[in-house]
Amino acid sequence: MKHARLLTGALMALALAAPAAAQDDPVKVGFIYVGPVGDFGWTHEHDLARQAVEEEYGDAVETSFVESVPEGPDAERVMTQMALSGTDLIFATSFGYGPAVNNVAERFPDVAFEHATGYQQDHPNVSLYNARFYQGRAVIGHIAGHMTETSTIGYIASFPIPEVIRGINAAFIHAREVNPDVEFRIVWAYSWFDPAQEASAAEALIEQGADILMQHTDSTAPMSIAEDRGLYAFGQASNMIDFGPNAQLTAIIDNWAPYYIERVGEVMDGTWEAGNVWTGIGDGTVAFADFSDAIPEEVRESAAALRDRIAAGDYHPFTGPINRRDGSEWLAEGEVATDEALLAMDFYVEGITSELPE
Amino acid sequence: MMRLEKRPSPSRLWTAATPVLAVVVTMVAGGILFATLGKDPVAAIRLIFWDPLFSEQYASYSRPQLLVKSGPLILIAVGLSFGFRANVWNIGAEGQYIIGALCGTAVALAFYPAPGWYIFPLMVIAGAFGGWAWAMIPAILKTRFRTNEILVSLLLVYVAEKLLAAMALGAMRNPDGGGFPGSRNISRYEPAANTELIANTGLHWGVVTAFIAVIFAYVMLHKHMLGFHVRLAGQAPRAARFAGVRPGALVVFCLGLSGALSGLAGMFEAAGPAGRISIDFAAGYGFTAIIVAFLGRLHPIGILLAGLLMGLTYIGGEIAQLTLGLPAAAIQVFQGMLLFFLLALDLLSNYRVRPGRREMT
Amino acid sequence: MDLSAIDPLVLAASLMIAATPIMLAGIGELISEKAGVLNLGVEGMMITGAITGFAIAVQTGNPYLGMIAAMAGGAALALIFAVLTQLLLANHVASGLALTLFGLGFSSLLGQPYVGVRPPRTFKLEIPVLSDIPVLGRVLFQHDLIVYISVIVVALVWYFLKYTRAGLILRAVGENHDAAHALGYGVVKVRFLAILFGGATAGLGGAYLSLVRVPQWTEGMTAGAGWIALALVVFASWRPWRVLLGAYLFGGIVVLQLNLQAAGVRVPVEYLAMSPYLITILVLVIISSDRARASLAAPGSLNRIFHASH
């Protein structure tokens, strides 16, 4: 029964995808955001990509968005209304939209769904996409390892989930690689966005000797604190150079535009198919702000080389030998981490002193 | 100058007319707001109030959704209205809602993946009990130590929110969820799922319970001695004492009832529309329900209508964002204005406005 | 567990900063509640102050003009609440909640052009001589102007309530509005002013976040600070100096747990985050159960609607 429905769904998707493109009407693309477009972080970057889609295709595309939609029933309702209003393609830009995306996709087999950072793909019209931000973190870890004078790097983390843990590990491994004395101080904010707390966290880290700050939270507060104290920091999600003209060494920028433009184009010519992609530096999804002049020439060059090797696929940031924090072997010499292992990462690598909260 | 004179009893005419008037005034003020944002005001108002109910494109979906969105608001607000009438101020419904959801979900997760018809009823009991128990904290502190229940119930909301986060990240985290916070999807676990009872109506057990609560409250307040006591305690506390109303018992009853109904609302939401516990599970229903209770003039039928009106502005607001590109914030401001006007015009039903000088004080 | 890595003096300095926004919002709410008005719209007033202050600071290039604008912005929002509750006799709880909803939406509309903009900076005020005192100087006398202002405001409120006739009237109005009215005091006028004061300080607290602490404008940036301020007033049992103490305690718990984490000590963050509220409930129980100290408990007319019927 269930299979039969799935099959008809797939057939309908195939049958309907083509005529949608044949019409002269603009392709309608809907975006659903978990935060406000003014968050200057995660949602802000998704909305910039939406604007890039509009710019690319002009009148051939019509985009709409609903912001600050809580995960759960509200998300399901918003996506259904999008589908009812004739939207051809929906980008659901938060992990927690997963169940809602799949429920709505079942009812609207002729609408294409793109779900960011999720793992549930129950229907043939649900596509998954994610970005390998850990690649960017490897590069900033490399820079930080060279730049730190106190050999102490402060890291403001959000929630102990694989995405964040992966970032910490990638940064740590590449900082240690160039500076064996490097220590990471890690503070969990238990929030994606709480400017006042992030500021306090930054100060606490500086007090513990950190002279470089990294963050996996959205506000510019840590950058501003680093600027005030004459220290260095890395921007998160957006280019934060305005908030730390001297402090920002570089920033990892979420750049969803290439992927969005590509997928919208595919819906236009009827070639869209569900996929499951995890793009990175090489695809342009993970981008960098200009490397600061404060970084010595040779470090800028080695960082750029690392970036280019990762982009070209010549080097994987998680290449063995890597041990877990408890000393047990994770990756043998030359072994490269599988995507499954990375997506489920729930441990620190060897050398990080603090314990991972449960 | 004008002078206000309290009516002996609220005017029936104005009680019915003010909400309509407030909605009209909000439409005008909201229209001006939308126009200054460069959007077509008439289209925006139509999208918010008309399209979810009557447009061909959305109505068949939005109408049931209106019940889903309004159900918890109505259920919580009905419970709160008893206390508010008796001057017992539970403003911690949000916390009781969270604890009810946590308890209900805990039962489901404890049995997962075993079958059993008794699991859902057990969850209902656990949800109601959780909300009741959380509300008993301010109730007991009030009766035992005369501690202000407004403040304790509010403070317990924060505690419940932290507990929710701890549970979503810890004990209740889905072991198959890729390490992300949030519980297993219990709406996919059949014995625990709060499913739609009749397809495409939006009716799930929570909505049904909300309707039952409205009827129950109406009968209680108007036909039953307890309802009389509740009203008396609010309007004339001294007289109530002479009539044999024990204030302590009343506090326990009012807080317990609203706590249990809030807990139920949370549990039904977790097992149905939301499907799971997550860090952002609490979407402010408990606070919005307080507003709904007042908009409904603490009357069960009024609350039913107020809950539906609130739900409509949410759903219509989303359609307006989608089609007109209105920012979410504009909808929030619009809702805020609606509440301001409703609260402001409420004056007319309780007071007579007479020309003359306000007495200098 | 190694706590030696944490310098208590540095902790003290950073908790003074962390406590400032909630202290400002809390002291304003205290005045409002002392006058018998529970305003649950603190979060809305704070965030409105945060954006009005930010916008004016960016437009004029002067952060201190921004601060003044923030107070005006917070007070303007409070004015809506005052009109609703005092003139139109609407319910306090519902009006306050509506105010928060409105304030959050209104601030994001106002703030749309200011996302990603860097505001003009304020200056640290290093009080001459005093800031050179070893140890203490660093803790106490090297902060931003607003940090000092917040402490001064607390002192002024304390003096006002304790030693001035106006303060006495305000307390009388909050304790028993019918009696105060019978004595010829303008209950509505007093409450209006108290509510506006609460709005102004909440607005300033918001602007401290957007202009000094972070400094940045983003939607929802107060992230619940207004709600903490409400708890703070209760914790303080409506006494000004305890607002200061409580703000330092609440701020201190946050700063301490962050410092412990940074020092590599494992802390149960979620459970620690509950502790201020549990402590507050405990305080509330203690003061309300002791009849001899009943005067410390909530103002008598809190959350009751006043209508002069004669």
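These numbers were taken from a predicted model, which means no experiment stands behind them.

1. Overview of the confidence of the model for chain C
- The pLDDT averaged across chain C works out to 85; a share of 88% of its residues lies at or above 70.
- Within chain C, the element-level pLDDT minimum falls on strand S1 (residues 124-126) of chain C, averaging 65, and the maximum on helix H2 (residues 42-60) of chain C, averaging 95.

2. Examining the domain arrangement of chain A
Residues and elements named next belong to chain A.
- Assigned domains within chain A: domain 1 (2-131 + 256-283) and domain 2 (133-253 + 318-343).
- Computed from C-alpha coordinates alone, the two centres of domain 1 and domain 2 are separated by 31 Å.
- Across the contact, ten residues belong to domain 1 and nine residues belong to domain 2.
- Of the residues assigned to the side of domain 1 that touches domain 2, the class counts are five nonpolar, three polar and two charged.

3. Focus: unusual backbone geometry
- Pro-321 of chain A follows Gly-320 of chain A through a cis peptide bond whose omega is 5°.
- When you line up the elements, Pro-321 of chain A lands in the loop between helix H10 (297-312) and strand S13 (322-323).
- Put simply, Tyr-112 of chain B and Pro-113 of chain B share a cis peptide bond, and its omega is 0°.
- The phi dihedral of Ala-237 of chain A is positive, around 70°, even though this residue is not glycine.
- Among the secondary structure elements, Ala-237 of chain A is positioned in strand S9 (residues 232-237).
- Overall, Ala-237 of chain A belongs to the buried group, with 22 C-beta atoms counted inside 10 Å.

4. Things to note about the interface of chain B and chain A
- The partner chain A presents 29 residues to the 28 residues of chain B that form the contact.
- For the side of chain B that touches chain A, the elements supplying multiple residues, two or more each, are helix H4 (59-85), helix H7 (149-169) and helix H13 (300-324) of chain B.
- Counting residues per element, the side of chain B that touches chain A draws most heavily on H13 of chain B, which supplies six residues.
- Of the residues that constitute the side of chain B that touches chain A, the class distribution is 14 nonpolar, twelve polar and two charged.

5. What to know about helix H3 (residues 73-84) of chain A
- Compared with the 16 Å implied by 1.5 Å per residue over twelve residues, the 16 Å span of H3 of chain A between its first and last C-alpha is a close match.
- Among the twelve residues in H3 of chain A, twelve count as buried, and that is most of the element.
- Every buried residue of H3 of chain A is accounted for by Pro-73, Asp-74, Ala-75, Glu-76, Arg-77, Val-78, Met-79, Thr-80, Gln-81, Met-82, Ala-83 and Leu-84 of chain A.
- Packing partners of the buried residues in H3 of chain A comprise strand S1 (27-32), strand S2 (61-66), strand S3 (89-92) and helix H4 (98-107) of chain A together with H4 and H13 of chain B.
- Just beyond H3 of chain A, the residue with positive phi is Gly-86 of chain A, at close to 90°.

6. Digging into the interface of chain C and chain B
- On the chain B side, the residues contacting the 44 residues of chain C number 38 residues.
- Mapped onto the side of chain C that touches chain B, the elements with two or more residues apiece are helix H3 (63-87), helix H4 (92-111), helix H10 (225-235) and helix H12 (269-289) of chain C.
- Residues belonging to the side of chain C that touches chain B are distributed by class as follows: 30 nonpolar, 13 polar and one charged.

7. Thoughts on the sheet that holds strand S8 (residues 212-215) of chain A
All names here are of chain A.
- Taken together, six strands build an open sheet; the order of strands is S7-S6-S8-S9-S10-S12 and the sheet is mixed. Lying at the two open borders of the sheet, with one neighbouring strand each, are strand S7 (183-188) and strand S12 (286-288). Between one strand axis and the next, the sheet turns by 20° as a mean value, whatever way the strands run.
- One ladder, built from two bridges, connects S8 with S9; its direction is parallel.

Calculation criteria
For every chain, the first residue of its written sequence is number 1, and the numbers climb from 1 along that sequence. The naming scheme follows written order: chains are lettered A onward, ligands numbered 1 onward. pLDDT decides what is reported in this predicted model: residues at 70 or higher carry local features, side-chain atom pairs at 80 or more are listed and counted, and totals for whole chains, interfaces and linings draw on all residues regardless. For every residue, the predictor states its confidence as a pLDDT score lying anywhere from 0 to 100. Only runs of H or I of at least four residues qualify as helices and only runs of E of at least two qualify as strands under DSSP, and these elements are numbered from the N terminus. For the domains described, the bounds stem from an automatic or database domain assignment. Contact criterion: two residues are in contact if their C-beta atoms, reconstructed from the backbone, are within 7 Å. Polar here means any residue other than Ala, Val, Leu, Ile, Met, Phe, Trp, Tyr, Cys and Pro, which are nonpolar, and Asp, Glu, Lys and Arg, which are charged; Gly is therefore polar. Exposed residues have 12 or fewer other C-beta atoms within 10 Å of their own C-beta, buried residues have 20 or more, and residues in between are partly exposed; the C-beta atoms are placed from the backbone. A helix is expected to span 1.5 Å for every residue after the first. Two strands qualify as a pair provided DSSP detects at least 2 bridges between them. Axes, fitted as lines to C-alpha atoms, cover a helix only where it is in contact. Angles between the N-to-C directions of the axes lie from 0 to 180 degrees.

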